[in-house]
Amino acid sequence: MIKVAPSILSADFTRLGEQVKLVEDAGAEYLHLDIMDGHFVPNISFGPGLVSALRKKSEMIFDVHLMIENPDIYIAEFIAAGADIITVHAESSRHLHRTLQLIKNKGIKAGVSLNPHTSPECLEYIMPMIDLVLVMSVNPGFGGQDFIMESLPKIKRIKQIINSASSNAEIQVDGGITIITAPLVAAAGATVLVAGSAVFNSSDPALAVKQIRRAAESAIK
Ligand code: DX5
Ligand code: ZN
């Protein structure tokens, strides 16, 4: 089953509550929350205060994507703010196993994200701790970039690693997802599709969520 995860990075921040409700009513399963610190990525977005404010307005699964240095020191704060899944970058954590322990010990789901240049082999020995692998299909930091095609064989390789570990981890793809790229990533094995600009820059975000889901599902039926 395909899940759609709208990223509010491209939403209209002056009416964020309404925008979240639109995609929730359209059936999007995850709300993707991009946290950027201006160090790990060259952009600054928002922090736990905004996550906590939205938590009071939405029942969606809060999928927090940490693009920050030293993720360990913020994990408790994002869990308190309402995160259901916390995804950290393999490149930002010196002791990734410990970071995952911190998340799992709090009883929520843990994801690992890989930048476009990062080989998936680093996942092998931590697979039992991972609920989700996030494949960055653009360089992290900004919405609206073009999908990197080399992500497709990478998704297939990650699917093999997940299968050989007998894991149920989901594969999430983030960056440049549109009705054109959605079927390609779904055919490669991704089941959770993040979409920022394709949803919130559309004149009808609810329709965009449904179209992305339909496009992805058409590739796996
Ligand atoms: C980029 C973020 C993405 C971003 C995707 O670093 O992680 O979640 O919002 O935006 P689009 O879908 O426009 O590529
Ligand atoms: Zn993201």
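Just above sits the structure.
As the structure is a computational prediction, the values presented were derived from the model and not from experiment.

Student: Teacher, can you tell me more about the overall build of the protein here?
Tutor: Within the protein one finds 8 helices and 8 strands. Projected onto its principal axes, the C-alpha positions of the protein cover 45 × 40 × 30 Å. Across the 221 residues that make up the protein, the buried fraction comes to 53%. Expressed as a percentage of contacts within the protein between residues at least 6 apart in sequence, the contacts between residues at least 24 apart total 64%. Summed over all atoms, the accessible surface of the protein reaches about 9,800 Å², with 52% contributed by carbon and sulfur. Here the protein carries 19 positive and 23 negative side-chain charges, and the mean point of each set is 5 Å from the other.

Student: In this structure, what is going on with the coordination of the zinc ion (ligand 2)? I would like to understand it.
Tutor: Only His32 (NE2), Asp34 (OD), His65 (ND1) and Asp174 (OD) from the protein reach the zinc ion (ligand 2) as donors, at distances of 2.0 to 2.3 Å. Considering all 6 donor atoms around the zinc ion (ligand 2), angles at the metal cover 69 to 168 degrees and the coordination shape is octahedral. Site description for the zinc ion (ligand 2): donor spacing in sequence, H-x1-D-x30-H-x108-D. Note that His65 is positioned in strand β3 (residues 61-67) and Asp174 in strand β7 (residues 170-174), a separation of 109 residues in sequence.

Student: What exactly am I supposed to notice about the site of ligand 1 here?
Tutor: Lining the immediate environment of ligand 1, one finds 20 residues, of which Asp34, Gly141, Asp174, Gly196 and Ser197 sit closest. In this structure, Gly144 approaches ligand 1 through a main-chain N or O atom, which is 2.8 Å from an oxygen atom. Backbone polar atom of Gly176 to an oxygen atom of ligand 1: 2.8 Å apart, as the coordinates give it. Coverage of ligand 1 by the protein amounts to 100% of the 380 Å² it exposes when considered alone. Looking at the shell around ligand 1, the elements with two or more residues in it are β2 (30-36), β3 and β8 (192-195). The element that contributes the greatest number of residues to the shell around ligand 1 is β2, accounting for 3 residues. Looking at side-chain class alone, the shell around ligand 1 contains 8 nonpolar, 10 polar and 2 charged residues.

Student: In this structure, what is going on with the pattern of salt bridges? I would like to understand it.
Tutor: Once their charged atoms are close, side chains differing in charge can pair, the charge on each being opposite to the other. Counted by the stated rule, this structure contains 8 salt bridges. As a salt-bridge pair, Asp25 and Lys21 come within 2.8 Å of each other at their nearest N and O atoms. Pair noted here: Asp25 and Lys21 are both in helix α1 (residues 16-25), with a separation of 4 residues, about one helical turn. Exposure remark for Asp25: the relative accessible area of 55% places this residue in the exposed category. For Arg157, the salt bridge identified is with Glu121, shortest N-O distance 2.9 Å. Note that Arg157 is positioned in helix α5 (residues 151-164) and Glu121 in the loop between β5 (109-114) and β6 (132-136), a separation of 36 residues in sequence. A residue is classified by how much of its surface remains accessible, and Glu121, at 36% relative accessible area, is partly exposed. Through salt bridges with shared partners, one network takes in Asp12, Arg15 and Glu18.

Student: Could you clarify how one ought to interpret the packing of aromatic side chains in this entry?
Tutor: The description of an aromatic ring pair rests on the distance of the ring centres and on the angle between the ring planes. With the rule as written, the count across this model stands at 1 aromatic pair. Aromatic side chains Phe13 and Phe46 sit 6.2 Å apart centroid to centroid with 70 degrees between the ring planes, which places their arrangement in the edge-to-face category. In this pair, Phe13 is assigned in the loop between β1 (3-6) and α1 and Phe46 in the loop between β2 and α2 (48-55), connecting sequence segments 33 residues apart. Sitting over the face of the ring of Phe62, Arg55 holds its NZ or CZ atom 3.7 Å from the ring centroid.

Student: How should I be thinking about the pairing of β3 in this particular structure?
Tutor: In regular strands, side chains alternate between the two faces of the sheet. Most of β3 is tucked away, with 6 of its 7 residues classed as buried. Each parallel crossover has a hand, and the one from β2 via α2 to β3 is right-handed. Pairing of β3 with strand β4 (residues 85-89), which is carried by 4 bridges, proceeds in the parallel orientation. Residue pairing in the sheet places Asp63 in a bridge with Ile85 of β4.

Student: Is there a simple way to explain the side chain of Arg213 in this structure?
Tutor: Note that Arg213 resides in helix α8 (residues 205-218). Aside from chain neighbours lying at most four places away, what touches Arg213 is Ile2, Lys3, Val4, Gly27, Ala28 and Glu29.

Parameters and conventions
- Residues numbered from 1 in each chain as written.
- Chains lettered and ligands numbered in written order.
- Predicted model: local features only at pLDDT ≥ 70, side-chain atom pairs only at ≥ 80, totals over all residues.
- Heavy atoms only, no water.
- Helix = DSSP H or I, 4+ residues; strand = E, 2+ residues; numbered from the N terminus.
- Buried < 20%, exposed > 50% of the residue type's maximum accessible area, 1.4 Å probe, protein only.
- Contact = heavy atoms within 4.5 Å.
- Areas by Shrake-Rupley, 256 points an atom, 1.4 Å probe, with all protein chains shown as cover.
- Lys, Arg positive; Asp, Glu negative; His and termini not counted.
- Charge placed at Lys NZ, Arg CZ, Asp CG, Glu CD.
- Donors = N, O, S within 2.8 Å, 3.2 Å for Na, K, Ca; no water.
- Tetrahedral: all angles 85-135°; square planar, octahedral: opposite > 155°, others 65-115°.
- Near = heavy atom within 4 Å.
- Polar contact = N/O pair within 3.5 Å; in protein donor to acceptor, adjacent residues only side chain to side chain.
- Nonpolar A, V, L, I, M, F, W, Y, C, P; charged D, E, K, R; others polar.
- Salt bridge = Lys/Arg side-chain N within 4 Å of Asp/Glu carboxyl O.
- Phe/Tyr/Trp six-rings, centres within 6.5 Å; stacked < 30°, edge-to-face > 60°.
- Lys NZ or Arg CZ within 6 Å of the ring centre and 35° of its normal.
- Right-handed = clockwise from strand over helix to strand, strands pointing away.
- Pairing = 2+ DSSP bridges.

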